[in-house]
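# A closer look at the structure
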Amino acid sequence: MPAKNRDLFAAALAGVVVTGVLTALLEAAGLTPPVSDGVGAFVGGAVAAYVLYGKLGQAAAAGALSGVLGTPFYLGVSEILYIFGVIATPSGPTPPMSELQVAVVIILGIDLLFGIFGGTVVGGIRRPHEEPIPQPQVTPGTIAQTKYCVQCGAQLPFGTVICPHCNARQP
Ligand SMILES: [Zn+2]
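Residues numbered from 1 in each chain as written. Predicted model: local features only at pLDDT ≥ 70, side-chain atom pairs only at ≥ 80, totals over all residues. Heavy atoms only, no water.

### Section: the overall build of the protein
Operational definition: Each helix is a run of H or I in the DSSP string that is no shorter than four residues. Each strand is a run of E no shorter than two, and both are numbered from the N terminus. Contacts between residues were defined by any pair of non-hydrogen atoms, one from each residue, lying within 4.5 Å. Method for areas: the Shrake-Rupley scheme with a 1.4 Å probe, in which residue coverage is limited to the protein chains shown.
The number of helices and strands found in the protein is four helices and two strands. Long-range contacts, defined here as pairs at least 24 residues apart, represent 61% of the contacts in the protein between residues at least 6 apart. Here the protein displays about 10800 Å² of accessible surface, and carbon together with sulfur accounts for 69% of that area.

The structure is reproduced here in structure tokens:
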């Protein structure tokens, strides 16, 4: 049974939260991109694939969604952490907007790739077994096997209870 789209988004949402929170925590611990968000997106993608429990392609898609949507979530979480003083506000002059734009695009790309990577790894390990195609049940003998009436000797189809020729009950 392929996972439904609703499951895909639910799984990606779990991955988004993990990506955002983990990346912000890693940053609070002193790591910087690409390590902090790469690890965050990888684990987030892995969580998305684990929650989804789907085929490999679906797991990779969940990881990709998790990575891409995890980026703005991470930016929001780190903003909150800045405001509450959990992460030190970067000192020095604010980088120009063009530099920030490049940084966001790079982080988005890293999160996308590592999200797919994490989703693919877990999707490859944990996925449902392909359901076997049900084989039509053939009971040998139902067609070929015939019997004969105990009274008149007429050939009867297998399973006949009353002979249609002499009305004798068959054993
Ligand atoms: Zn008969």
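### Some points on a nonpolar patch on the surface
Selection rule: Here, patches come from residues exposed beyond 30% relative accessible area and free of salt bridges, joined within 9 Å for like charges and within 5 Å for nonpolar side chains (Val, Leu, Ile, Met, Phe, Trp, Tyr). Salt bridges are identified by distance alone: a Lys or Arg side-chain nitrogen within 4 Å of an Asp or Glu carboxyl oxygen. Categorising residues by exposure relies on relative accessible area from a 1.4 Å probe, with only protein chains included: less than 20% of the type maximum marks a residue as buried, more than 50% marks it as exposed, and the intermediate range marks it as partly exposed.
Together, Val68, Leu69, Leu75, Val104, Leu108 and Leu112 line one region of the surface with nonpolar side chains, adding up to about 400 Å² of accessible area. Taken together, the elements giving at least two residues each to the nonpolar patch come down to helix 3 (56-83) and helix 4 (97-125). Of note, Leu108 is situated in helix 4. Judged by relative accessible area, Leu108 falls into the partly exposed class, the value being 33%.

### Let's talk about the coordination of the zinc ion
The condition is simple: Because water is not among the atoms used, a metal site may look incomplete, as its donors are only the N, O and S atoms within 2.8 Å, or 3.2 Å for Na, K and Ca. Only two sets of limits are used to name each site, 85 to 135 degrees for every angle of a tetrahedral four-donor site, and over 155 degrees for opposite donors with all other angles from 65 to 115 for a square planar four-donor or octahedral six-donor site, with any other site named irregular.
Taken together, the protein donors to the zinc ion comprise Cys149 (SG), Cys152 (SG), Cys163 (SG) and Cys166 (SG), at separations of 2.2 to 2.4 Å. With four donor atoms in place around the zinc ion and angles of 105 to 118 degrees between them, the coordination shape is tetrahedral. Here the donor residues of the zinc ion share one chain and are spaced in sequence as C-x2-C-x10-C-x2-C. Cys152 sits in the partly exposed class, given a relative accessible area of 42%.

### Here we look at the packing of aromatic side chains
Definition in use: The rule is short: rings of Phe, Tyr and Trp, with Trp giving its six-membered ring, pair when the centres are within 6.5 Å, and they are stacked under 30 degrees, edge-to-face over 60, tilted in between.
What the rule picks out here adds up to two aromatic pairs. Between Phe42 and Phe117 the ring centres are 5.1 Å apart and the planes differ by 55 degrees, which places this aromatic pair in the tilted class. Here the residue Phe42 occupies a position in helix 2 (residues 35-52), and Phe117 occupies one in helix 4, the gap between them amounting to 75 residues. You can call Phe42 partly exposed: its relative accessible area is 27%. Using a relative accessible area of 47% as the deciding quantity, one classes Phe117 as partly exposed. Plain terms: the ring middles of Phe114 and Phe117 are 6.4 Å apart, the flat faces sit at 80 degrees to each other, and that makes the pair edge-to-face. Residue Phe114 and its partner Phe117 are both found in helix 4; the two are separated by three residues, about one turn of the helix. The exposure class assigned to Phe114 is partly exposed, which follows from its relative accessible area of 36%. Taken together, the aromatic side chains of Phe42, Phe114 and Phe117 make up a single cluster linked through ring pairs.

This is a description of form; function is not addressed.
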